[in-house]
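Report on the structure
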Amino acid sequence: MTVPATPPTATAAPQPPVTVRVFTQRFSPTPRGARLARHLALHQLHSWGIPHGTEVSETAAVLVAELAANAVTHGRVPGRDFELRLALDAGTLTVDVSDARGERRPPGPGESALPARKPDLPDDAESGRGLVLVAALADRWSVLDRVPVGKTVRAELDLPQ
């Protein structure tokens, strides 16, 4: 009995596995919840190999702080938390902050020009520039509908190779 020869198969070069790391946590819609979101985000990034004090870590800290502060200030619904979601893949860090106020949706990129500062905002004001900072620091950002209710503001950072 003859066994038919099997044709040789081409072997692909080994590819590193694609690992997507995800962290999701809900926080109370208070200034304390916003601060905790920032601290836990930095801790999570450090555990994923993005050390404290690096450019990516510092930029992510500002993005989380601004988006969480906006969720607390403009997206608060009594009894509803806001949610932070971080996703890290081979080349991108995604920061999502979701809240339950879908009707208070900020303009996304291209929907209207973000002012450099609000006309009635004093030069020394400590607030009012959150989305301007997000637009300046993120490589991409958007405002998404959240099902079943609310909105998500997403900021993406391209990681150095």
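Here's a quick rundown of the structure. Quick caveat, the model's predicted, so the values are computed rather than measured.

Direction vectors running N to C along helix α1 (residues 31-47) and helix α2 (residues 55-74) enclose 155 degrees, while the axes themselves pass 9 Å from each other. When the interaxial angle is binned, α1 and α2 end up roughly antiparallel. Crossing of α1 over α2 shows right-handed handedness. Only S57, A60, A61, V64, A65, A68, A69 and V72 of α2 make contact with α1, whose side of the interface consists of P31, A34, A37, R38, A41, L42 and L45.

Moving on: a nonpolar patch on the surface. A contiguous nonpolar patch, built from V62, L133 and L137 and spanning about 190 Å² of accessible area, is present on the exposed surface. Locating L137 in the fold gives a position in helix α3 (residues 130-137). By relative accessible area, L137 is classed as partly exposed at 31%.

Looking now at the pairing of strand β4 (residues 140-145). Note: β4 against strand β5 (residues 151-158), six bridges, orientation antiparallel. Of the residues in β5, the one forming a bridge with W141 is A155. Linking β4 back to β5 in an antiparallel pair, the connection comprises five residues, with G150 at a positive phi of about 105 degrees.

What counts, and at which threshold
Along each chain, numbering runs from 1 in the same order as the chain's sequence is written. Only residues with pLDDT of at least 70 get local features here, since the model is predicted, and only at 80 or more are side-chain atom pairs given and counted; chain-wide, interface and lining totals rely on the full set of residues. With hydrogens and water stripped out, all remaining heavy atoms of the structure feed into the side-chain values. A fitted line through C-alpha atoms serves as each axis, taken over the contacting stretch for helices, and the angle formed by two N-to-C directions is quoted from 0 to 180°. Runs of H or I in DSSP of at least four residues are treated as helices and runs of E of at least two as strands, each being numbered from the N terminus. Here is the rule for angles: anything less than 35 degrees is roughly parallel, anything more than 145 is roughly antiparallel, 65 through 115 is roughly perpendicular, and the remaining ranges are oblique. Note on convention: near helix rotated counterclockwise from far helix by under a right angle means a left-handed crossing. Clockwise means right-handed. It only takes one pair of heavy atoms within 4.5 Å for two residues to be counted as in contact. Every patch collects residues that have over 30% relative accessible area and no salt bridge, joining them within 9 Å if they carry like charges and within 5 Å if they are nonpolar side chains (Val, Leu, Ile, Met, Phe, Trp, Tyr). In this description, accessible areas are obtained by the Shrake-Rupley approach with a 1.4 Å probe, and a residue is regarded as covered only by the protein chains that are shown. We define a salt bridge as a side-chain nitrogen of Lys or Arg found within 4 Å of a carboxyl oxygen belonging to Asp or Glu. Three exposure classes are used, based on accessible area relative to the maximum for each residue type with a 1.4 Å probe and protein chains only: buried under 20%, partly exposed in between, and exposed over 50%. In this analysis, strands are considered paired if DSSP registers two or more bridges between them.

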